[in-house]
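For reference, the chains in residue letters:
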Amino acid sequence: MKLIILNDYDQASEWAAKYIRNKILLFKPGADRYFTLGLPTGSTPLGCYKKLIEYYKKGEISFQYVKTFNMDEYVGLPRDHPESYHSFMWNNFFKHIDIKAENTHILDGNAANLQDECQAFEDKIKAAGGIELFVGGIGPDGHIAFNEPGSSLVSRTRVKTLARDTILANARFFDGDLSKVPTMALTVGVGTVMDAKEVMILITGAHKAFALYKAIEEGVNHMWTVSAFQQHPQTVFVCDEDATLELRVKTVKYFKGEAESKTHDAHMDLLKHSGCIESLKLHYGLVDNASLIIAVKTQIVENVDFCIIVC
Amino acid sequence: MTGNVAPEDLWVREGRILDPEKLFFDEQGYADKRVDCGGNIIAPGFIDVQINGGYGIDFSQASEDVSGGISFVGKKILEHGVTSFCPTLVTSPPAVYHKVPHLQSYKIFELFSFQLTVSKRSSHNEAVLFQVLPNIKVYNGGPHGAGVLGFHLEGPFISVEKRGAHPEHCLRTFKYGGLQDLMEAYGSLDNVAMVTLAPELAKSQSVVQELCQRGITVSLGHSVANLSQAEEAVQHGASFITHLFNAMLPFHHRDPGIVGLLTSDQIPAGRTVYYGMIADGIHTNPAALRIAHRAHPLGLVLVTDAITAMGLPPGRHTLGQQVIEIQGLHAYVAGTTTLCGSIATMDMCVRHFKHASGCSVEEALEAASLHPAQLLGISNRKGKLDFGSDADLVFLDDALNIQATYISGEEVWRK
């Protein structure tokens, strides 16, 4: 696991957006080779989406050959309801970029047969070749997507009843009226996200601090389903200072220090192999040195990786 | 509730505003054509419910080519952002409204005076009778010009004391208190969107009801009614006040008159009384405009009350049966100091209203689009940028100058 600690929400959003952008660029997607991206909803990823839209508008990235799979959707909420996750994705992301509608996949909470809808979603992910990068958030109770405490850590896409905590947390989007909040949702399972090649979890704010502590400093536990990612080979947790408030000072110092030292090593390596930086950039069709460094990494050494992207 | 200006894309299909989210998820569709509006404000097209003519055309002046005259003005007002309008007829002799069905003694007199007027201007010996009302139908706007929503008949059932520029010999009263009065005066109520009358006239209340039942908006104006008479008319269905403050009794603290409708507690629940304001800086003192706006902001409807001379250079011109004189931005009954209409354009009125009242951009734009649409009961398709509304649009810069006008999604004028 890598833990990236940024100063505040905006910096964390920017880091995450750059990471997604660079991953897509490095992948070099095309008509025969789509980049599959898992996406979350909620207030945490809003800043990240804004940044990605900015990069698209600047011409740094295209979503033409990107396929997206959202984590969840409410059951029984009309698709055009302002609080549905379809509306969220449209208003906050899809309508501002060049993604094709047929490449976006969001679970249909109004499907005639919800079980079939869930199975079909799993099949679509498989048909797309699996997910390259699954981006997610974390609930105050440590859940990933709607995998509430007690969810199986090998679960697949299914119908879930929402926990009281989640309904309370969501009430603010429904005029504070608890009776208006949906009680069920379709969600990808913990196992579904674990199947992704890489997972990035965004965690910002002091109210998520305890969940982050449980997720990374305690053991793998189905009461804090995000902890399952301790057993995933490639996970990045991106957070702001506030989210680290419940972590041990030692943990925070370790990861901050690691970032610094790896950045230093990366610079040394780059200097060693600098040669023709510009032609390397050209070869990979990259826009800045940050993305170049990833390219350098894949050519040369294995352990000088994520931190470099920050530069 | 006032809307707000937000940075968004507007989608149009088949002349209507389209929901892009539905297009994306249901049809997996995209834009066939993109128009860069350069950061302009897109607002619903303006609706002018009181306009007597312009550019030399006088709607109340029967002529050989009535529909040509209305179309001509309709095309020109696209430049002011107006996409729909109600051509207004001031008090006129019966022959202007319809073919005189049979000759009665008093009607012969009126007929002859009309004929005399005609022969004074032309050298023809025979009387040539032209009508206005039967020659125009409601029609949609397009590249040919703004759409006609129906006539606004301002008179002849108005008060003699408050007739303003209307000719006294053409005024009428209600003999029967019903449809027959209207038929005798107008001949037909087809293609009529609004009628202005004075509610203190005897037997007027049943006429108000008769008109409202036909879906015609009833407006109170050119009247000396007190507040109770006005309230009674509203209870019978009247919903508009013709150019507030002008041609009515002034506000008095013990009898506010028609002006009192703005804050009356006798308005039936769920109904709004709208009021026309000529915001040209001349017909109403800005302080009075502010009082009205602050008292009842959601009812304010901007109207031009534009006359023949709008768009023309200074000098003498004809309005109905009267002659008028232009001096700068003022238009007077020739030889007097009685105002007889304005020559301000709708976009000028929007800018002046915003400046004088200090209101927001949204409020200024809604007073020229949403409120008139609500008044006429057509807000389900006009006056808004809701999904499904007709795509009648106006592009404005931040100073509210018109940059382009669209009707049914088609560009019909560009600066």
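None of these values were measured; they are calculated from a predicted model.

Caption draft 1: Geometry of the overall build of chain A. Scanning chain A for helices and strands turns up 11 helices and 10 strands. Put simply, of all contacts in chain A between residues at least 6 apart along the chain, 77% involve residues at least 24 apart. Carbon and sulfur atoms make up 52% of the accessible area of chain A, which amounts to about 13,600 Å² in all.

Caption draft 2: Here's a closer look at helix H4 (residues 114-127) of chain A. All names here are of chain A. The end-to-end C-alpha distance of H4 is 20 Å, a good match for the 20 Å that 14 residues give at a rise of 1.5 Å each. For H4, the full list of buried residues reads Leu114, Glu117, Cys118, Phe121, Glu122 and Ile125. Axial view of H4: buried residues confined to an arc of 140°, hence all on one face. The exposed residues of H4 that point more than 90 degrees off its buried face are Gln115, Lys126 and Ala127. The residue sitting at the N-terminus of H4 and contributing the capping side-chain oxygen is Asn113; that oxygen lies 3.1 Å from the backbone nitrogen of Gln115. Looking one or two residues beyond H4, the residue adopting positive phi is Gly129, at roughly 90°.

Caption draft 3: The arrangement of the sheet that holds strand S18 (residues 393-396) of chain B in detail. Residues and elements named next belong to chain B. Pairing is antiparallel across the open sheet formed by four strands, whose spatial order is S3-S18-S19-S20. Two strands close off the open sheet at either side, each with one partner strand: strand S3 (41-44) and strand S20 (410-414). With direction set aside, neighbouring strand axes in the sheet form an average angle of 25°. Pairing analysis gives four bridges linking S18 to strand S19 (residues 402-407), with the strands arranged antiparallel. Bridge assignment links Leu393 to a residue of S19, and that residue is Tyr406.

Caption draft 4: Just the interface of chain A and chain B, in detail. Each partner contributes residues to the interface: chain A has 13 residues there, and chain B has nine residues. Both sides of the chain A and chain B interface together cover about 1,100 Å² of buried area, and 56% of this is carbon and sulfur. For chain A, the biggest contributors to the area lost against chain B are Arg79, Trp90 and Ala101 of chain A; these three give 54% of the whole. At the junction of chain A with chain B, the criterion picks out two salt bridges. Note that Glu8 of chain B is salt-bridged to Lys95 of chain A, the shortest N-O span being 2.9 Å. Between the two partners, chain A and chain B, sit five residue pairs in polar contact (both at pLDDT 80 or more). The dominant element in the side of chain A that touches chain B, judged by the number of residues it contributes, is helix H3 (residues 85-92) of chain A, at three residues. For the side of chain A that touches chain B, the residue count by class is five nonpolar, three polar and five charged.

Caption draft 5: Fine view of the UniProt feature "active site" (unreviewed entry) in chain B. Residues and elements named next belong to chain B. Taking the UniProt record as the reference, the feature "active site" (unreviewed entry) is found at Asp305. Structurally, Asp305 can be placed in the loop between strand S14 (300-302) and strand S15 (315-319). The class of Asp305 is buried, set by a relative accessible area of 7%.

Caption draft 6: Broad picture of the packing of aromatic side chains. In this structure the tally under the stated criterion is 23 aromatic pairs over all chains. For the ring pair Tyr85 of chain A and Phe146 of chain A, a centre distance of 6.3 Å and an interplane angle of 10° mean the geometry is stacked. Of the two residues, Tyr85 of chain A sits in helix H3 while Phe146 of chain A sits in the loop between strand S6 (133-136) and strand S7 (158-161), which places them 61 residues apart along the sequence. The class for Phe146 of chain A is buried, based on a relative accessible area of 3%. On the basis of an interplanar angle of 75° and a centroid distance of 4.9 Å, the ring pair of Tyr254 of chain A and Phe255 of chain A is categorised as edge-to-face. Owing to a relative accessible area of 11%, Phe255 of chain A belongs among the buried residues under this scheme. Aromatic rings pair up to connect Tyr49, Phe63, Phe88, Trp90, Phe93 and Phe94 of chain A together with Phe24 and Phe25 of chain B into one cluster. The positively charged end of Arg33 of chain A is found above the aromatic ring belonging to Phe27 of chain A, 3.9 Å away from the centroid. Sitting over the ring of Tyr30 of chain B, Lys100 of chain A keeps its end group 5.7 Å from the ring centre.

Caption draft 7: The arrangement of the confidence of the model for chain B in detail. Residue and element names in this part refer to chain B. Summarising the model, chain B shows a mean pLDDT of 88, and 91% of its residues fall at 70 or more. Counting contacts from residues 101-128, a segment whose pLDDT is below 50, to residues more than four positions away or on other chains yields 18 contacts. Both scores are given for the predicted complex: the pTM is 0.81, the ipTM 0.77.

Caption draft 8: Representation of the confidence of the model for chain A in the model. All names here are of chain A. The share of residues in chain A with pLDDT of 70 or more is 83%, and the mean pLDDT across the chain is 86. For residues 271-276, every residue scores under 50 in pLDDT, and the model assigns this stretch one contact once sequence neighbours within four places are set aside. Confidence drops under a pLDDT of 50 for residues 299-311, and excluding neighbours within four residues, the segment shows 32 contacts in the predicted structure.

Caption draft 9: Region of interest: the nonpolar core. In this structure, Phe46, Tyr186, Leu197 and Leu261 of chain B are the most contacted members of the largest nonpolar core, which totals 92 residues. Formed by 39 residues, the second largest nonpolar core is a distinct cluster that contains Ile131, Leu186, Val199 and Ile201 of chain A.

Caption draft 10: Focus on the sheet that holds strand S8 (residues 184-187) of chain A. Residue and element names in this part refer to chain A. Spatial ordering of the open sheet is given by S4-S8-S7, a layout of three strands whose pairing is antiparallel. Strand pairing shows two members of the sheet lacking a second neighbour, strand S4 (72-74) and S7, which therefore form its edges. The sheet shows a mean angle of 30° between the axes of neighbouring strands, taken without regard to direction. Where S7 meets S8, four bridges bridge the pair, whose relative direction is antiparallel. The residue of S8 that forms the bridge with Thr161 is Met184.

Caption draft 11: The packing of helix H2 (residues 46-57) of chain A against H3 of chain A, seen in detail. All names here are of chain A. At a closest axis distance of 10 Å, the pairing of H2 and H3 adopts a crossing angle of 40°. As far as their axial angle goes, H3 and H2 are oblique. For the pair H2 and H3, the contacting residues are Leu46, Tyr49 and Ile53 in the first and Phe88, Met89 and Asn92 in the second.

Caption draft 12: Looking closely at the pattern of salt bridges. Residue and element names in this part refer to chain A. According to the stated counting rule, one finds 29 salt bridges over all chains in the structure shown. A salt bridge links Lys51 to Glu54, with the nearest nitrogen and oxygen atoms 3.4 Å apart. Pair noted here: Lys51 and Glu54 are both in helix H2, with a separation of three residues, about one helical turn. Judged by relative accessible area, which is 33%, Glu54 ranks as partly exposed. Here Lys197 makes a salt bridge to Glu132, at a shortest N to O gap of 3.2 Å. Taken together, the residues span a long stretch of sequence, with Lys197 in the loop between helix H6 (190-194) and strand S9 (198-203) and Glu132 in the loop between H4 and S6 at a distance of 65 residues. Look at Lys197 and you get exposed, because its relative accessible area is 55%. One salt-bridge network, held together by shared partners, links Arg21, Lys51, Glu54, Lys58 and Glu60.

Conventions and cut-offs
Residues numbered from 1 in each chain as written. Chains lettered and ligands numbered in written order. Predicted model: local features only at pLDDT ≥ 70, side-chain atom pairs only at ≥ 80, totals over all residues. Heavy atoms only, no water. Helix = DSSP H or I, 4+ residues; strand = E, 2+ residues; numbered from the N terminus. Contact = heavy atoms within 4.5 Å. Areas by Shrake-Rupley, 256 points an atom, 1.4 Å probe, with all protein chains shown as cover. Expected span 1.5 Å × (residues − 1). Buried < 20%, exposed > 50% of the residue type's maximum accessible area, 1.4 Å probe, protein only. Arc of directions from axis to C-beta. Polar contact = N/O pair within 3.5 Å; in protein donor to acceptor, adjacent residues only side chain to side chain. Pairing = 2+ DSSP bridges. Axes fitted to C-alpha atoms, helices over the stretch in contact; angles between N-to-C directions. Buried area = accessible area lost by both parts, 1.4 Å probe. Salt bridge = Lys/Arg side-chain N within 4 Å of Asp/Glu carboxyl O. Nonpolar A, V, L, I, M, F, W, Y, C, P; charged D, E, K, R; others polar. UniProt positions renumbered as here; feature names shortened; annotations may be inferred. Phe/Tyr/Trp six-rings, centres within 6.5 Å; stacked < 30°, edge-to-face > 60°. Lys NZ or Arg CZ within 6 Å of the ring centre and 35° of its normal. pLDDT = per-residue confidence, 0-100. Core = buried A, V, L, I, M, F, W, Y, C linked by side-chain atoms within 4.5 Å. Parallel < 35°, antiparallel > 145°, perpendicular 65-115°, else oblique.

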